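The lines below spell out each chain.
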Amino acid sequence: MNTVAMTATGHARRHAVFVATLAALAGLMFGLDVGVISGAQQFIQREFAISDAAIEHIVSSMTWGAAVGAALAAWLSKHFGRKRSLVFSGSLFVIGSLLCASAWSPEALIGARFVLGLAIGIAAFTAPLYLAEIAPRDRRGAMISTYQLMITIGIFVAFLSDTGFSYIEGWRWMLGIIALPGALFLLGVLSLPESPRWLVLKQRDADASAVLQKLRGDPDAVRSEVAEIKEQLRTPQQGWRLFLENRNFRRSVGLGIALQVVQQLTGINVVMYYAPRIFADMGYATDAQMWFTAIVGLTNVLATFIAIGFVDRIGRKPILYAGFAVMAIGLGVVGWLMHTGMATPAEHFLAIAMLLLFVVGFAFSAGPLVWTLCSEIQPLKGRDFGIGVSTVTNWILTGIVTLTFLTLLNNFGKANTFWLYAAFNAVFILFTWALVPETKGVTLEQIERKLMSGKRLRDIGA
Ligand code: BGC
C-alpha cells in the first residue's frame with residue numbers, strides 16, 4: 001500500500017473508532033438510567049410521602065417502557081433506519097430525564113420514567129445492531145463487549161452522582177442531570193453515518209459504499225464488503241413465519257426466553273435498583289448506604305473485565321456454573337445474616353462482602369454471557385426476531401423483579417427473600433447443565449445446522 005492509501009486507512013480507522021464510541025455511548029445512557037433510581041427513591045418517598053408499593057411502580061415503570069421500546073425498535077430500525085432510531089431514542093432520553101426532574105406527582109414520575117424506558121428499549125436494541133453492522137470483522141467481539149462494559153460504567157457513574165446529590169437530598173438533580181449526557185448522545189448520533197447494511201437493504205448501494213469508504217478507507221475492501229452484505233441479505237429475515245412453521249426455531253426462541261428469565265431471577269436487579277434500601281435494612285445510615293452502593297457499582301464494572309478476558313478461553317458453561325454457585329452462596333449468606341440480625345461489626349462486614357460477591361458472580365457470568373448466548377443460538381433467518389423476543393423478555397422480567405422486591409421484603413421477610421433468590425441460583429446450575437449449549441469456538445453456522453437438524457438444545461454447540 002502506498003503512503004496516501006495508508007493515511008486514508010489510518011484516517012478511516014479513527015473514524016470507525018469515533019463511530020463505535022458514539023454508539024457505545026448508548027450503553028452508557030442505558031446504564032445511567034438503570035442506576036439512577038436506586039439512590040433517588042428514599043428522597044422521592046419522603047417528599048411525596050408514598051408507600052413502598054408506589055415506589056415499586058416508580059422503579060418498574062421504566063422497565064415496562066423499555067419492553068415496549070425494545071418491541072418497537074426492530075420495526076423502527078428496519079423502516080426508518082438505525083440512525084433515525086438512535087436519534088429518536090436520544091431525544092426521548094433528554095425529554096424523559098427533564099420530565100422526571102420536574103415531576104409534580106408520583107403518577108407524573110411514573111409516566112416520565114416510562115418515556116425514559118422507551119428511550120432505553122430502542123437504544124438497547126438498535127445500538128448493538130448498529131455496532132455489529134459498522135464494526136470491521138476483526139473488531140466485532142471487542143466492540144460488543146465494550147458496549148456491555150459501558151452499561152456497567154453507566155450504572156456506576158449514576159451511583160456516584162446519586163451519592164454526591166444525596167448530601168442535598170437532591171433527587172430532582174439526580175434524575176435531571178442525565179439530560180446532559182443525553183443531549184451529548186443526541187448531538188453525537190446526529191453526526192453518525194447510516195448503517196451500510198441498512199442502506200443496502202434499502203437498495204441504496206452507492207450511499208452504502210460512500211459510508212464504508214469513510215469507515216474502511218480502502219476501495220477494494222469496500223467493494224468486497226458491499227458484495228458480502230448483498231449475499232447475506234439474500235437470506236431475508238422472516239422470524240414470525242419461521243416461528244409458526246418451524247419447531248426447531250421455536251426451541252431456540254424458547255431457550256432465549258428461558259436464558260433471560262434465568263438472568264433476571266438471579267436477583268441482580270434487586271441490587272442494581274434497590275441497593276441503598278438493602279443497606280438501610282442492614283442498619284446503615286444514608287451516607288453509608290450511598291457509598292456502599294457506589295462500591296457495588298465499581299465492583300460490577302471491574303468484574304465485567306473478568307468475563308471479557310475469559311469467555312472465549314474457558315467457555316460459557318463452566319463460567320455459568322461458577323457464577324450461579326457464587327451467587328447462590330453470596331445471597332444465601334446475606335439471607336442468613338438478615339435472619340440472625342447482624343449483631344457484630346464482623347457480621348456487618350460479612351454482609352457487605354457477600355453482597356459484593358454476589359455482584360461479582362453475576363458480572364463475570366450471567367450478565368454478559370446471557371446476552372452473548374442469546375445472539376449465538378438463533379438461526380440467521382430468525383435472528384432479529386429471536387433476539388428481539390429475548391430482549392423484551394429481559395425487560396418484562398426486570399419489571400416483575402423490581403415491582404415485587406419491596407413487597408417480598410415486607411410480607412415474605414428479608415431473609416426469606418434473599419433465600420428465595422439464592423435457591424433460584426442453585427436451580428440454575430441444573431438448568432445450565434440440562435439446557436445450555438457450549439458455544440465456545442463453534443461457528444454460528446454449525447450451531448444453526450445442529451439446531452435445525454433437531455439435536456437436543458444442550459448439544460447444538462460443541
Ligand atoms: C442485565 C441488566 C442488569 C445489568 C447489570 C445486564 O446484563 O440485563 O438487567 O441491570 O446487567 O450490570
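About the criteria used
- Residues numbered from 1 in each chain as written.
- Predicted model: local features only at pLDDT ≥ 70, side-chain atom pairs only at ≥ 80, totals over all residues.
- Heavy atoms only, no water.
- Helix = DSSP H or I, 4+ residues; strand = E, 2+ residues; numbered from the N terminus.
- Rg over C-alpha atoms; globule rule 2.2 N^0.38 Å.
- Buried < 20%, exposed > 50% of the residue type's maximum accessible area, 1.4 Å probe, protein only.
- Axes fitted to C-alpha atoms, helices over the stretch in contact; angles between N-to-C directions.
- Parallel < 35°, antiparallel > 145°, perpendicular 65-115°, else oblique.
- Left-handed = near helix turned anticlockwise from the far one by under 90°.
- Contact = heavy atoms within 4.5 Å.
- Nonpolar A, V, L, I, M, F, W, Y, C, P; charged D, E, K, R; others polar.
- Salt bridge = Lys/Arg side-chain N within 4 Å of Asp/Glu carboxyl O.
- Near = heavy atom within 4 Å.
- Polar contact = N/O pair within 3.5 Å; in protein donor to acceptor, adjacent residues only side chain to side chain.
- Areas by Shrake-Rupley, 256 points an atom, 1.4 Å probe, with all protein chains shown as cover.

A. Quick peek at the overall build of the protein chain. Of regular secondary structure, the protein chain possesses 20 helices and zero strands. By the compact-globule yardstick of 23 Å for 462 residues, the protein chain fits well, its C-alpha radius of gyration being 22 Å. Projected onto its principal axes, the C-alpha positions of the protein chain cover 70 × 50 × 45 Å. The buried share of the protein chain, taken over its 462 residues, is 55%.

B. View of the packing of helix 9 (residues 205-216) against helix 10 (residues 219-233). The geometry of helix 9 relative to helix 10 is characterised by a closest axis approach of 9 Å and an angle of 130 degrees between their N-to-C directions. Comparing the axis directions of helix 9 and helix 10 gives the class oblique. Classified by chirality, the crossing of helix 10 by helix 9 is right-handed. Between helix 9 and helix 10, the contacting residues are Asp205, Ser209, Leu212, Gln213 and Arg216 on the first element and Pro219, Val222, Glu225, Val226 and Lys230 on the second. Classifying every residue of the contact of helix 9 with helix 10 by side-chain character gives four nonpolar, two polar and four charged.

C. Fine view of the pattern of salt bridges. Considering all chains together, one arrives at ten salt bridges under this definition. Of the charged contacts, one joins aspartate 207 and arginine 204 as a salt bridge, the two residues approaching to 2.9 Å between their closest N and O atoms. With a relative accessible area of 35%, aspartate 207 lands in the partly exposed category. By relative accessible area, which is 36% here, arginine 204 ends up partly exposed. Taken together, the shared-partner salt bridges in this structure form one network comprising Asp52, Arg277 and Asp281.

D. Looking closely at the site of the ligand. Around the ligand, the neighbouring residues are Thr152, Ile155, Gln263, Gln264, Asn269, Asn300, Phe362, Gly367, Trp371 and Asn394. A distance of 2.9 Å separates an oxygen atom of the ligand from a polar side-chain atom of glutamine 263. The contact in question runs from an oxygen atom of the ligand to an N or O atom on the side chain of asparagine 394, over 3.1 Å. Its free accessible area being 310 Å², the ligand has 95% of it covered by the protein chains. Contributions of two or more residues to the shell around the ligand are made by helix 5 (140-166), helix 12 (247-265) and helix 17 (366-376).

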